[in-house]
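Spelled out from the first residue to the last, the chains are:
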Amino acid sequence: MGAVARGCPVPASLPPVAGEGGGLGAPDAAGREWHARDRTVSVVQRLGLKTLQRLDPETAHRVALRALKAGMVPAWTIPVPTILRSKALGFALDHPVGVAAGFDKNAEAVTPLLQTGFSFVEVGAVTPEPQEGNPRPRMFRLTADRAAINRYGFNNDGMEAIRERLIARRRGGVVGVNLGANKDAADRAGDYGTVLRHLAKWVDFATVNVSSPNTVGLRDMQAREALEEVLTRTRTVRDETAPRVKLLLKIAPDLTDEQIEDVAQVALETGIDGIIATNTTISRDGLRDAAKGEAGGLSGVPLMARSTAVLARLAARTEGRVTLIGVGGIASGADAYAKIRAGASLVQLYTALAYDGPGLVRTIALDLARRLERDGFTSVAQAVGVDTPRSTPG
């Protein structure tokens, strides 16, 4: 089921864990091949990244998408270690690393992203009607913090155009859609079901996004009663139109412990399939970059600790009854591993790609394989939640 080649047994030749000496064995021919390719790709990517980083961030993002569509990004051609094979949400995946919503908002580069090595892709957010979003500039690099701030405001081409692209793309791979609401919608809760009904035939999962900080009032829908309504209504649409589509919820990292408890309870009561933790944050704690005062949602390295804490609390509360996907601050195999040990079955990347390029997915996946093997696990599933004791409130 994936765009990457099915794995072979974990080779002793995988690159050593970053920052750790030694290894599990001397490099063989396959390992030398990986290192040679990695060096070549890294040189090309470094040159490309330097060029992109001279452009304003939104323009650079558009250029990166064009490069993907033009086939300028190398595909993952070496076997994937079998230790990384993952089964989550009913999907059989070659590894647990996907690309988060926001990178390919308009479903322009789904197949190239899968070919690059991501095991699943989430497009969007998609709204019923096209909308331009907030005025530019609305995307800012915080290089000193390896972070970004965006205030896009659900800019996208709308569900009609995106449906046509999903229909036209090469089939295969696991693809989801992040559901959004138009900012001027009279019935925002209804917009999620409208988009789902329109796109369900061409996606494998759909995420209710009530956590973007860039649409006024949207995060109010994370309150218990409002969340119950939107999830119940959207699930009804899913059940009527495409029961096979998995339904997820994406939440903010800025929730209080009590709000996280409410989210967990509503998720269990409404019977959704999973939760993505988390979206961007409005916090600016600890930032150094001069752009830290820009309005919008912060993503990247500074989000790692808080988003992982929210993930762990959800894992403790839901006790494996919903699938958790970890996103926020992942920039290395160690970060991905921390999310998994906190309770995530799958992880997603976005902001780190702007700093390290699309080849980062391979680096993270292979580093993750080494960490799993080093710690005595034989699968990703064995490591899920090992650092998070389960607890049910009394």
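Our structure is the block above this text.
Residues numbered from 1 in each chain as written. Predicted model: local features only at pLDDT ≥ 70, side-chain atom pairs only at ≥ 80, totals over all residues. Heavy atoms only, no water.

J.: Even after reading the chapter, I still don't get the pattern of salt bridges, so can you show me in this structure?
T.: Side-chain pairing between opposite charges can occur once the charged atoms of the two side chains come close. This structure, assessed with the given rule, holds 29 salt bridges. As a salt-bridge pair, Glu108 and Lys69 come within 3.4 Å of each other at their nearest N and O atoms. Note that Glu108 is positioned in the loop between β3 (97–99) and α3 (110–116) and Lys69 in helix α2 (residues 57–69), a separation of 39 residues in sequence. Owing to a relative accessible area of 41%, Lys69 belongs among the partly exposed residues under this scheme. A salt bridge links Asp375 to Arg341; the shortest N-O distance between them is 3.7 Å. (Salt bridge = Lys/Arg side-chain N within 4 Å of Asp/Glu carboxyl O. Helix = DSSP H or I, 4+ residues; strand = E, 2+ residues; numbered from the N terminus. Buried < 20%, exposed > 50% of the residue type's maximum accessible area, 1.4 Å probe, protein only.)

J.: Teacher, can you tell me more about the packing of helix α8 (residues 304–318) against helix α9 (residues 333–342) here?
T.: Relative orientation and spacing of two packed helices are given, respectively, by the angle between their axes and the distance between those axes. It is the contact of α8 with α9, at a shortest axis distance of 8 Å, that shows an interaxial angle of 25°. Taken together, the axes of α8 and α9 are roughly parallel relative to one another. Judged by the sense of rotation from one axis to the other, the crossing of α8 with α9 is right-handed. Each of Met304, Ser307, Thr308, Leu311, Ala312 and Ala315 in α8 lies in contact with α9, whose residues at this interface are Asp335, Ala338, Lys339 and Ala342. Looking at side-chain class alone, the contact of α8 with α9 contains 6 nonpolar, 2 polar and 2 charged residues. (Axes fitted to C-alpha atoms, helices over the stretch in contact; angles between N-to-C directions. Parallel < 35°, antiparallel > 145°, perpendicular 65-115°, else oblique. Left-handed = near helix turned anticlockwise from the far one by under 90°. Contact = heavy atoms within 4.5 Å. Nonpolar A, V, L, I, M, F, W, Y, C, P; charged D, E, K, R; others polar.)

J.: Just checking my understanding: could you explain the side chain of Asn106 for this structure?
T.: By the secondary structure assignment, Asn106 is in the loop between β3 and α3. Setting aside anything within four residues of it in sequence, one finds Asn106 in contact with Asn156, Asp157, Ile162 and Arg165.

J.: For this particular structure, what's the right way to read the pairing of strand β11 (residues 297–300)?
T.: On a regular strand, one side chain projects to one face of the sheet and the next to the other, so that they alternate. Of the two faces of β11, the one carrying Gly297 and Ser299 and the one carrying Leu298 and Gly300 are both buried. Here strand β6 (residues 147–150) pairs with β11 via 4 bridges, running antiparallel. Its bridge partner lying in β11, Ala147 is registered against Gly300. (Pairing = 2+ DSSP bridges.)

J.: When you look at the packing of α9 against helix α11 (residues 360–374) in this model, what are you seeing that I'm missing?
T.: Closest axis-to-axis distance for the α9/α11 pair is 8 Å, and the angle between their directions is 60°. Relative to α11, the element α9 is oriented oblique. In this structure, α9 crosses over α11, and the sense of that crossing is right-handed. Judged by residue contacts, Gly333, Ala334, Ala336, Tyr337 and Ile340 of α9 engage Ile364, Asp367, Leu368, Arg371, Leu372 and Arg374 from α11.

J.: How should I be thinking about the layout of surface pockets in this particular structure?
T.: In this approach a probe as big as a water molecule rolls over the atoms, and the regions it shows empty are the leftover space. Of the volumes computed, that of the largest pocket is approximately 690 Å³. As for the largest pocket, its lining consists of 31 residues, of which Leu49, Leu52, Ala60, Ala64 and Pro358 are closest to the centre. Each residue belonging to the lining of the largest pocket can be placed in one class, and the counts come to 22 nonpolar, 8 polar and 1 charged. (1 Å grid on protein atoms, 1.4 Å probe; cavity = no way out; pocket = protein on both sides within 12 Å on 5 of 7 lines; lining within 4 Å. Points joined across faces, edges and corners; volume = space filled by probe spheres on them.)

J.: Teacher, can you tell me more about the packing of aromatic side chains here?
T.: How two aromatic rings sit relative to each other is given by the distance of their centres and the angle of their planes. Throughout the structure, instances matching the rule amount to 2 aromatic pairs. Seen in terms of ring centroids, Phe103 and Tyr350 are 5.8 Å apart; in terms of plane orientation they differ by 85°. Their pairing is edge-to-face. Here the residue Phe103 occupies a position in the loop between β3 and α3, and Tyr350 occupies one in the loop between β13 (346–349) and α10 (351–356), the gap between them amounting to 247 residues. The partly exposed category is assigned to Tyr350, whose relative accessible area is 21%. Here Phe120 and Phe205 contribute two aromatic rings whose centre-to-centre distance is 6.3 Å and whose plane-to-plane angle is 70°, an arrangement assigned as edge-to-face. Of this pair, Phe120 sits in strand β4 (residues 120–126) while Phe205 sits in strand β8 (residues 205–209), and the two are 85 residues apart along the sequence. In terms of burial, Phe120 and Phe205 fall into one category: buried. (Phe/Tyr/Trp six-rings, centres within 6.5 Å; stacked < 30°, edge-to-face > 60°.)

J.: So what exactly am I meant to see when it comes to the pairing of β4 here?
T.: Counting buried residues in β4 gives 7 out of 7 residues, a clear majority hidden from the surface. Two elements, β4 and strand β7 (residues 174–179), share 6 bridges in a ladder whose sense is parallel. Each bridged residue has a counterpart across the sheet, and for Val121 the counterpart in β7 is Val175.

J.: How should the environment of Ala148 be read in this particular structure?
T.: By secondary structure assignment, the location of Ala148 is in strand β6. By relative accessible area, which is 5% here, Ala148 ends up buried. Sequence separation between Ala148 and Gly300 is 152 residues; the distance between their C-alpha atoms is 6.2 Å. Residue contacts for Ala148: discarding those within four places in its chain leaves Met139, Phe140, Leu142, Gly297, Leu298, Ser299 and Thr351.

J.: Looking at this structure, how should I read empty space enclosed by the protein?
T.: Scanning the model with the defined rule gives 1 cavity of 30 Å³ or more in all. Approximately 470 Å³ is the volume attributed to the largest cavity. Around the largest cavity, the lining comprises 38 residues; the ones closest to its centre are Ala101, Asn150, Asn279, Thr280 and Tyr350. Looking at the lining of the largest cavity, the elements that each hand over two or more residues are β4, β6, β11, β13 and α10.

J.: How do you make sense of unusual backbone geometry when you look at a structure like this?
T.: Keep in mind that most residues, glycine aside, have a negative phi and that most peptide bonds are trans. Cis geometry is found at the peptide bond from Arg136 to Pro137, where omega equals -5°. With respect to the helices and strands, the residue Pro137 is situated in the loop between β4 and β5 (139–142). Omega for the peptide link from Ala277 to Thr278 comes to 10°, which places this bond in the cis form. Its place among the elements puts Thr278 in the loop between β10 (274–277) and β11.

These figures come from the coordinates and say nothing about function on their own.
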